[in-house]
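Chain by chain, the residues run as shown.
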Amino acid sequence: MIEWRLIDSGKMDAFYNMAIDEAIALTVMNKESPPTLRFYGWKVSSVSLGYFQKISDIDIAFCLENNLPIVRRPTGGRAILHGDELTYSLSSTNSGSLSGDLRETYSIIGNAFFSAFRMLGLDVDMMQKRQKGNVLRRSPLCFNSTSLGEISIKGIKIIGSAQRRWRQGFLQQGTIPYSVDEQTVRKVFRIPPDHPLEMKGLRAFMELNSIELKEVITEAFERIFGIRLVPSDLSEKEAILAETLLREKYLGSEWNLLRTPLNDSMQGW
């Protein structure tokens with residue numbers, strides 16, 4: 001049976017989380033590591049921006065005054081306030097069941113999470129068409145809209161994901177909130193008190209055991225992709241590369257606060 005890696009990193013800071021994800025993706029695409037599913041969390045509440053997103057979409061002054069780190073993701077999509085959640089990344093080459101284009105891989109990965117939520121007894125739905133136009137433009141906040149392949153309960157989006165593709169493969173990142181800090185979300189995204197905030201964490205729908213959640217996601221991935229996930233750590237090369245990316249890219253204001261267009265395909269959040 002084909003083996004993939006499963007890395008459970010625990011809680012780390014925003015900048016190191018992004019550096020690790022990119023380091024893993026690069027080594028996987030160079031075929032120096034197998035496809036890798038990573039689980040992680042955040043040491044402190046942090047804001048991540050999509051690659052193409054304007055920094056003006058968030059209240060920078062509020063973030064600075066309240067010690068909320070701001071990091072720009074290597075993937076696209078819109079902003080997230082990370083906190084009480086399970087975050088994941090999947091790095092793979094364009095091969096096997098993940099040899100399709102962006103939409104196809106986004107959909108099959110979504111099927112794995114859909115299956116996991118069903119295993120937990122949640123009555124989830126998956127969006128079967130891509131939203132366009134004003135529906136996507138109206139909010140800089142990821143969880144205020146649902147698009148192709150994304151999963152919801154009674155219209156409430158419960159997982160947000162984003163993907164970036166290179167010629168050799170891709171990186172997909174995503175977040176599953178356990179709970180939502182509505183007050184801070186409104187401040188970060190300048191959402192007035194009278195404006196509806198259609199966000200809920202999984203604890204609004206079930207008694208949540210984070211260990212069980214990771215176990216059912218792992219089981220669903222193994223079944224959907226016909227693989228075995230082997231608990232692993234970063235390779236020595238990945239650890240060194242992550243430190244380099246952290247120092248030279250993710251800790252810098254040039255990366256986090258400025259936008260530079262890319263030609264890579266992206267979707268999500």
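This text follows the structure it describes.
Residues numbered from 1 in each chain as written. Predicted model: local features only at pLDDT ≥ 70, side-chain atom pairs only at ≥ 80, totals over all residues. Heavy atoms only, no water.

*Asks:* Let's hear about the overall build of the chain: which residues, and what values?
*Replies:* When helices and strands are counted, the chain shows eight helices and 13 strands. Burial statistics for the chain: of 269 residues in total, 55% are counted as buried. Considering only intrachain contacts with a sequence separation of at least 6, the fraction spanning at least 24 residues in the chain is 77%. (Helix = DSSP H or I, 4+ residues; strand = E, 2+ residues; numbered from the N terminus. Buried < 20%, exposed > 50% of the residue type's maximum accessible area, 1.4 Å probe, protein only. Contact = heavy atoms within 4.5 Å.)

*Asks:* Describe in detail the nonpolar core, supporting the description with residues and values.
*Replies:* Side chains that are nonpolar tend, in soluble globular proteins, to be buried together. Core analysis: the largest hydrophobic core is formed by 36 residues, its most contacted members being Ile109, Phe113, Phe117, Leu213, Ile217, Phe221 and Phe225. Within the residue set of this core, elements represented by two or more residues are strand 1 (2–12), strand 2 (36–42), strand 6 (85–93), helix 3 (102–119), strand 8 (151–153), strand 11 (169–177), helix 6 (210–225) and strand 12 (227–231). Non-local contacts of leucine 213, meaning those with residues more than four positions away in its chain, are made with Leu86, Phe117, Leu120, Tyr178, Leu202 and Leu208. (Core = buried A, V, L, I, M, F, W, Y, C linked by side-chain atoms within 4.5 Å.)

*Asks:* Run through the side chain of serine 161, naming residues and quoting values.
*Replies:* Summarising the element assignment, serine 161 is placed in strand 10 (residues 160–165). A distance of 2.7 Å separates a polar atom in the side chain of serine 161 from a polar atom in the side chain of tyrosine 88. (Polar contact = N/O pair within 3.5 Å; in protein donor to acceptor, adjacent residues only side chain to side chain.)

*Asks:* Tell me about the packing of aromatic side chains, and name the residues and values.
*Replies:* Following the criterion strictly, the structure yields eight aromatic pairs and no others. Where tyrosine 40 meets tryptophan 42, the ring centres are 6.1 Å apart and the plane angle is 50°; that geometry is what we call tilted. With respect to burial, tyrosine 40 and tryptophan 42 carry one shared label: buried. Taking the centre distance of 4.5 Å and the plane angle of 45° together, the rings of tyrosine 88 and phenylalanine 113 count as tilted. A residue pair is termed long-range when its members are at least 10 positions apart, and tyrosine 88 in strand 6 and phenylalanine 113 in helix 3 qualify at 25 residues. Neither residue differs from the other here; tyrosine 88 and phenylalanine 113 are each classed as buried. The rings of Trp4, Tyr88, Phe113, Phe221 and Phe225 are connected pair by pair, giving a single aromatic cluster. (Phe/Tyr/Trp six-rings, centres within 6.5 Å; stacked < 30°, edge-to-face > 60°.)

*Asks:* Outline unusual backbone geometry, supporting the account with residue identities and numerical values.
*Replies:* The phi dihedral of lysine 154 falls on the positive side, at around 50°, and the residue is not glycine. Here lysine 154 lies in the loop between strand 8 and strand 9 (156–157). On the basis of relative accessibility, which here comes to 75%, the residue lysine 154 falls in the exposed class. Even without glycine at this site, arginine 190 takes up a positive phi of about 55°.

*Asks:* Give me the lowdown on the sheet that holds strand 3 (residues 46–49), citing residues and values where you can.
*Replies:* Spatially, the three strands line up as an open sheet ordered 4-3-5, and their pairing is mixed. What marks the edges here is a single partner per strand, and that holds for strand 4 (70–72) and strand 5 (80–82). Put simply, the sheet's adjacent strands are angled 30° from each other on average, direction ignored. Taken together, the three bridges between strand 3 and strand 5 define a ladder with antiparallel strand orientation. Paired with serine 46 across the strands is histidine 82, a residue of strand 5. Contacting strand 3 and strand 4, helix 1 (residues 14–29) crosses the sheet at an angle of about 15° to strand 4. (Pairing = 2+ DSSP bridges. Axes fitted to C-alpha atoms, helices over the stretch in contact; angles between N-to-C directions.)

*Asks:* Tell me what's going on with the sheet that holds strand 8, and back it up with residues and numbers.
*Replies:* Read from one edge of the open sheet, three strands run 7-8-9, paired in antiparallel fashion. Of all strands in the sheet, those with a lone pairing partner are strand 7 (125–126) and strand 9, marking the two edges.

*Asks:* Tell me about the packing of helix 1 against helix 7 (residues 236–250), and please be specific about residues and values.
*Replies:* Remark: helix 1 packs on helix 7, axes separated minimally by 8 Å, with the N-to-C direction vectors making an angle of 125°. Here helix 7 runs oblique to helix 1, going by the angle between their axes. Crossing geometry of helix 1 relative to helix 7 is assigned as right-handed. Side by side, helix 1 and helix 7 meet where Phe15, Tyr16, Met18, Ala19, Ile20, Glu22, Ala23, Ile24, Leu26 and Thr27 of the first sit next to Glu238, Leu241, Ala242, Glu243, Leu245, Leu246, Lys249 and Tyr250 of the second. Split into classes, the residues belonging to the contact of helix 1 with helix 7 amount to 13 nonpolar, one polar and four charged. (Parallel < 35°, antiparallel > 145°, perpendicular 65-115°, else oblique. Left-handed = near helix turned anticlockwise from the far one by under 90°. Nonpolar A, V, L, I, M, F, W, Y, C, P; charged D, E, K, R; others polar.)

*Asks:* Quick rundown of the side chain of arginine 5? Include the residues and the values.
*Replies:* Structurally, arginine 5 can be placed in strand 1. A polar side-chain atom of arginine 5 sits 2.9 Å from a polar atom in the side chain of threonine 36. A distance of 2.6 Å separates the side chain of arginine 5 from the side chain of glutamate 238, its partner in a polar contact.

*Asks:* Please set out the pattern of salt bridges residue by residue, giving values where relevant.
*Replies:* Inspection of the entire model under this criterion finds nine salt bridges. Here arginine 38 makes a salt bridge to aspartate 21, at a shortest N to O gap of 2.8 Å. One end of the pair, arginine 38, is in strand 2; the other, aspartate 21, is in helix 1, with 17 residues separating them in the sequence. Neither arginine 38 nor aspartate 21 differs from the other in exposure class; each is buried. Between aspartate 84 and arginine 203 there is a salt bridge, with the nearest N and O atoms lying 2.4 Å from each other. Note that aspartate 84 is positioned in the loop between strand 5 and strand 6 and arginine 203 in the loop between helix 5 (182–188) and helix 6, a separation of 119 residues in sequence. Among the residues examined, aspartate 84 registers a relative accessible area of 33% and is labelled partly exposed. Judged by relative accessible area, arginine 203 falls into the partly exposed class, the value being 44%. (Salt bridge = Lys/Arg side-chain N within 4 Å of Asp/Glu carboxyl O.)

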